[in-house]
Amino acid sequence: MPFPERFLWGGATSSYQIEGNVETDGAGPSIFEPFCRRPGAVFGGHSGSVACDHYRRFAGDVGLMGQIGLRAYRFSVSWPRVIPGGVGRVNESGLAFYDRLVDALLGAGIQPWLTLYHWDFPQALQTQGGWLNRDSADWFAEYAGVVVDRLSDRVQHWMTINEPQVYIKFGHADAKIAPGLRLSLEEQLLACHNTLRAHGRAVQVIRARAKRSPTVGWAVVGRTDFPASESEADVEAARRGMMEIREPDLWNNTWYADPVIQGTYPEDGLRVYRAAGASLPTVGAGDMEVISQRLDFYGVNIYDGRCIRSGADGSPEVVPFPSGHPQNAFRWFVTPPALRWGPRFLHERYQLPIYITENGFAGLDWVATDGGVHDPQRIDYTRRYLLELGRAITDGADVRGYFHWSLLDNFEWAEGYSQRFGLIHVDFATQKRTLKDSAHWYRGVIESNGRTLSS
Ligand code: IFM
């Protein structure tokens with residue numbers, strides 16, 4: 001099998017989606033508190049206020065991770081749980097929760113992989129402009145320092161931000177998630193610029209203050225394209241499709257990754273955004289130096305991709321999926337080659353080790369009469385995607401790990417609890433956990449380091 005001996009097999013979650021107890025023990029509100037109360041904002045009026053009650057049940061959940069055999073667990077820290085007002089006074093009880101979680105993970109032999117920001121921005125700072133405020137980078141650096149000072153004697157693996165593309169587009173342009181804004185392109189670009197500055201400041205803080213030599217990355221998403229065939233022309237068209245900016249929106253890869261890794265905003269983005277009438281954010285003296293901090297790895301979340309062929313002039317042309325093409329419960333297309341070509345193209349361009357920081361399947365799972373949760377589609381999806389990830393490694397991409405999204409069924413943002421991504425089924429009325437068939441299957445994959453995938 002192509003998976004190297006030290007390949008890291010993990011599972012992932014985020015704070016707001018599982019912890020519940022949102023304003024408990026001194027935690028402050030995040031932007032999702034007012035957002036979830038907006039009529040019609042979230043399916044069924046759901047919110048993360050109870051979620052999986054992981055804040056109180058984490059020890060049992062770590063036990064379940066052990067049963068699955070996870071080697072690593074990716075979780076996020078809730079900024080307003082740790083600093084209720086976003087800056088200033090630290091909430092000792094909030095930090096103590098993450099102490100206990102990290103200790104439990106280490107006690108179970110599971111590496112903690114910590115994300116500093118997975119969208120639960122402190123409401124107190126949103127009222128000061130949120131990511132539109134230039135000070136947001138300093139606020140984030142202050143918060144990062146608090147977490148690093150407290151946990152870096154035990155946590156070695158850090159991710160700054162999760163999927164900025166999603167919270168810029170769906171939070172600041174389409175009002176589908178918190179903070180629920182519909183901003184101009186110009187303002188979205190500003191929120192993005194400040195996010196990137198915040199990312200860079202956090203990397204600086206981690207490197208300067210971590211007590212154990214840290215590995216630092218991020219977990220981004222974006223567009224994934226794969227070629228319709230292996231012809232050179234199609235491969236080149238898919239590479240271009242994935243890396244170019246054609247539309248005046250912020251759903252892409254390079255507007256985020258080029259400045260962070262190469263120190264400049266990409267020319268095509270500058271052109272497209274200017275042509276759309278947006279004046280670009282003022283890049284202050286020193287901004288690019290802050291933004292382009294050295295990273296140890298590129299974390300990427302990949303669920304699906306577009307199939308691309310070379311058009312007559314070589315430009316990328318989307319090949320539509322035929323009717324009846326497999327989809328998940330979200331109606332996202334099932335596209336296993338995305339996990340071969342996505343990491344490959346990213347590795348080629350940015351030359352960093354890659355971790356798949358999220359990948360998984362939304363299903364409509366329930367507890368069967370025999371007490372089990374049978375989710376053959378999730379198993380088949382994951383098998384197909386992992387086989388393609390193996391091909392990426394064989395092709396030469398330096399892929400070092402895979403985190404399945406998600407450990408638990410959880411609060412799926414605007415979809416509330418209607419979409420189940422977990423390896424573990426959660427009965428949200430009783431909080432009973434049941435390992436799905438996929439969890440047992442994944443254990444075999446982990447134990448065999450991927451060898452069971454082809455059996
Ligand atoms: O649940 C989300 C997660 O918070 C971010 N990445 C995609 C997942 C599935 O939609």
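The rules we used
By convention here, each chain's residues receive numbers from 1 onward along its written sequence. Totals for whole chains, interfaces and linings use every residue, but because this is a predicted model, local features are given only for residues with pLDDT of at least 70 and side-chain atom pairs only at 80 or more, for both listing and counting. Excluded from the side-chain calculations are hydrogens and water; all other atoms, namely the structure's heavy atoms, are used. Secondary structure elements follow DSSP: runs of H or I no shorter than four residues count as helices, runs of E no shorter than two count as strands, and numbering proceeds from the N terminus. Taken over C-alpha atoms, the radius of gyration is set against a globule rule of 2.2 Å times the number of residues to the power 0.38. To sort residues, take the accessible area from a 1.4 Å probe on protein chains only and compare it with the maximum for the residue type: under 20% means buried, over 50% means exposed, and anything in between is partly exposed. Computed with the Shrake-Rupley method and a 1.4 Å probe, the accessible areas treat only the protein chains shown as cover for residues. Here Asp and Glu are counted as negative and Lys and Arg as positive; His is not counted, and neither are the chain ends. Note that the charge is assigned to NZ on lysines, CZ on arginines, CG on aspartates and CD on glutamates. Buried Ala, Val, Leu, Ile, Met, Phe, Trp, Tyr and Cys residues that are joined via side-chain atoms within 4.5 Å together make up what is termed a nonpolar core. We call two residues contacting when some pair of their heavy atoms lies within 4.5 Å. Note on terminology: near, applied to a residue and a molecule or strand, indicates that one of the residue's heavy atoms is within 4 Å of it. Counted as a polar contact is a pair of N or O atoms within 3.5 Å, where, for protein atoms, one must be capable of donating a hydrogen and the other of accepting one, and residues adjacent in sequence contribute only when both atoms are in side chains. Gly is placed with the polar residues, together with every amino acid not listed as nonpolar (Ala, Val, Leu, Ile, Met, Phe, Trp, Tyr, Cys and Pro) or charged (Asp, Glu, Lys and Arg). Pairing between strands requires that DSSP locate at least two bridges from one strand to the other. Working convention: axes come from line fits to C-alpha atoms, limited for helices to the stretch in contact. Angles between N-to-C directions cover 0 to 180 degrees. In this scheme, roughly parallel covers angles under 35 degrees and roughly antiparallel covers those over 145, while 65 to 115 is roughly perpendicular and the rest are oblique. Geometry of aromatic contacts follows a simple scheme: Phe, Tyr and Trp rings, the Trp one being its six-membered ring, pair when their centres are within 6.5 Å, and the pair is stacked under 30 degrees between planes, edge-to-face over 60, tilted otherwise.

It is worth spelling out the overall build of the chain at this point. Along its length, the chain carries 16 helices and 13 strands. Here the C-alpha radius of gyration of the chain, 21 Å, is about what a compact globule of 455 residues would show, namely 23 Å. Overall, the chain is about 60 × 55 × 45 Å in size when its C-alpha atoms are taken along their principal axes. Counting only residues that meet the buried cut, the chain has 62% of its 455 residues in that class. A total accessible area of about 16,500 Å² is found for the chain, and carbon and sulfur atoms account for 50% of it. Looking at charge distribution, the chain has the averaged site of its 46 positive side-chain charges lying 2 Å from that of its 52 negative ones.

Counting 150 residues, the largest nonpolar core has Phe32, Leu116, Phe140, Trp218, Trp255, Tyr298 and Tyr442 as the members making the most contacts within it. Setting aside residues no more than four positions away along its own chain, Tyr298 makes contact with Trp218, Val220, Ala257, Ile261, Leu346, Tyr350, Leu352, Pro353, Ile354 and Tyr355.

The next thing to look at is the site of the ligand. Surrounding the ligand, one finds Gln17, His118, Trp119, Asn162, Glu163, Tyr303, Trp332, Glu358, Trp405, Glu412, Trp413 and Phe421. For the ligand, an oxygen atom lies 2.8 Å from a polar atom in the side chain of His118. Side-chain polar atom of Glu412 to an oxygen atom of the ligand: 2.6 Å apart, as the coordinates give it. Within the complex, 95% of the 280 Å² of free accessible area of the ligand lies under protein. Taken together, the residues that form the shell around the ligand break down as 6 nonpolar, 3 polar and 3 charged.

Spatially, S1-S2-S3-S4-S5-S7-S10-S11 is the arrangement adopted by the 8 strands of the closed barrel, whose pairing is parallel. Across the sheet, the axes of successive neighbouring strands diverge by a mean angle of 25 degrees, strand direction being ignored. Sheet analysis places strand S4 (residues 157–162) next to strand S5 (residues 215–220), joined by 4 bridges and oriented parallel. Opposite His157, over in S5, you have Thr215 as the bridge partner. Contacting strand S3 (111–117), S4 and S5, helix H8 (residues 164–172) crosses the sheet at an angle of about 20 degrees to S4.

Let us look at the environment of Val90. Of note, Val90 is situated in the loop between helix H4 (79–82) and helix H5 (92–107). On the basis of relative accessibility, which here comes to 34%, the residue Val90 falls in the partly exposed class. Separated by 10 residues in sequence, Val90 and Pro80 place their C-alpha atoms 9.3 Å apart. Residue contacts for Val90: discarding those within four places in its chain leaves Val82, Leu95 and Val146.

As a further point, take the packing of helix H10 (residues 232–243) against helix H14 (residues 338–350). At a minimum axis separation of 11 Å, H10 and H14 run at an interaxial angle of 75 degrees. The orientation of H10 relative to H14 falls into the category roughly perpendicular. Of H14, the residues touching H10 (which contributes Val235, Ala238, Arg239, Met242 and Met243) are Trp341, Gly342, Phe345, Leu346, Glu348 and Arg349. Among the residues forming the contact of H10 with H14, the class breakdown is 7 nonpolar, 1 polar and 3 charged.

This paragraph deals with the packing of helix H3 (residues 54–68) against helix H16 (residues 437–447). Look at H3 against H16: their axes get within 8 Å of each other, and the N-to-C directions meet at 55 degrees. Here H16 runs oblique to H3, going by the angle between their axes. Facing Gly66, Gln67 and Ile68 of H3, the residues of H16 in contact are Ala439, Tyr442, Arg443 and Ile446. Looking at side-chain class alone, the contact of H3 with H16 contains 4 nonpolar, 2 polar and 1 charged residues.

A separate point is the environment of Arg271. Assignment of secondary structure puts Arg271 in helix H12 (residues 267–275). Measuring from C-alpha to C-alpha, the distance between Arg271 and Trp332 comes to 31 Å, with 61 residues separating the pair along the chain.

A separate point is the packing of aromatic side chains. Summed over the entire model, instances satisfying the criterion amount to 49 aromatic pairs. With a centroid separation of 6.3 Å and an interplanar angle of 85 degrees, the aromatic rings of Trp79 and Tyr117 are classed as edge-to-face. Taken as a pair, Trp79 in helix H4 and Tyr117 in strand S3 lie far apart in primary sequence, 38 residues in all. For Trp79, a relative accessible area of 0% corresponds to the buried category. Between the aromatic rings of Phe411 and Trp413, the centroid separation amounts to 6.0 Å while the plane-to-plane angle is 75 degrees, which identifies the pairing as edge-to-face. In textbook terms, an aromatic cluster arises when at least three aromatic residues are bridged by ring pairs, as seen for Tyr16, Phe32, Phe35, Trp119, Phe411, Trp413, Tyr417 and Phe428.

Spatially, 3 strands are ordered S6-S8-S9 in an open sheet, and the strand pairing comes out mixed. Among the strands making up the open sheet, the edge pair consists of strand S6 (225–227) and strand S9 (316–318). Averaged over all adjacent pairs, the angle separating strand axes in this sheet is 50 degrees, with direction ignored. Inspection of the sheet shows strand S8 (residues 306–310) paired to S9 by 3 bridges, in the antiparallel sense. Its bridge partner lying in S9, Arg309 is registered against Glu317. Each of S6, S8 and S9 is contacted by H10, which is oriented at about 125 degrees to S8, the strand it contacts most.

Moving on, we come to the pairing of strand S7 (residues 298–301). Burial of S7 is two-sided: the residues Tyr298 and Val300 facing one way and the residues Gly299 and Asn301 facing the other way are all buried. For S5 and S7, the ladder comprises 2 bridges, and the chain directions are parallel. In the strand pairing of S7, Val220 is matched with Val300. Where S7 lies against strand S10 (residues 354–358), 4 bridges are found, and the strand directions are parallel. Looking at S10, one finds that Tyr298 is bridged to Ile354.

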